[in-house]
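In case you want the letters, here they are:
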Amino acid sequence: MAGSVNDGALVHDMGRTENPGVAAVARLPISIARGHRLCEQTRELRLQAQDARTHSHALAVRAAYSVERAHLAAEWVACVAARPRLCA
C-alpha cells in the first residue's frame, strides 16, 4: 500500500495512520472542542431548568397569595354581613 512516513507513523492516502497513538492525538482537539461544547450545552440546560423552577415557584407563590387574598376577602365579607345594621 502506498504511503509516506510522517513522525514515525505510516500515513496512507486516506489520512489514516497505522500508529493508534498518533490517531488519538489527531482526534484530541476534536474531543476537547466537543467536550467544551457539551459543557456549554449542559450549562445552558441547567440555567433553563433553574429558570423554569424559579418561574414555577413564582407562579406558585402568586397563586398562594391570590388564594390567601381571596380567603381574607371572604372573611371580611362575612364579618361585614354579620354586623348588626344601624337603623337611621
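Residues numbered from 1 in each chain as written. Predicted model: local features only at pLDDT ≥ 70, side-chain atom pairs only at ≥ 80, totals over all residues. Heavy atoms only, no water.

(A) Structural view of the overall build of the protein chain. Scanning the protein chain from terminus to terminus reveals one helix and two strands. Ordered by position from N to C terminus, the α and β elements of the protein chain give β-β-α. (Helix = DSSP H or I, 4+ residues; strand = E, 2+ residues; numbered from the N terminus.)

(B) Molecular detail of the pattern of salt bridges. Applying the stated criterion to the full structure yields one salt bridge. One salt bridge in this structure joins Glu40 and Arg43, with 2.5 Å as the shortest N-O distance. Taken together, the residues Glu40 and Arg43, both in helix H1 (residues 20–82) and three residues apart, mark about one turn of the helix. Its relative accessible area of 38% is what places Arg43 among the partly exposed residues. (Salt bridge = Lys/Arg side-chain N within 4 Å of Asp/Glu carboxyl O. Buried < 20%, exposed > 50% of the residue type's maximum accessible area, 1.4 Å probe, protein only.)

(C) Summary view of the confidence of the model for the protein chain. The predicted model of the protein chain has a mean per-residue pLDDT of 77, with 66% of residues at 70 or higher. Taken element by element, the protein chain is modelled with least confidence in strand S1 (residues 3–6), mean pLDDT 47, and with most confidence in H1, mean pLDDT 85. Note on residues 1–7: pLDDT is under 50 here. Beyond four places in sequence and across chains, it has 10 contacts. (pLDDT = per-residue confidence, 0-100. Contact = heavy atoms within 4.5 Å.)

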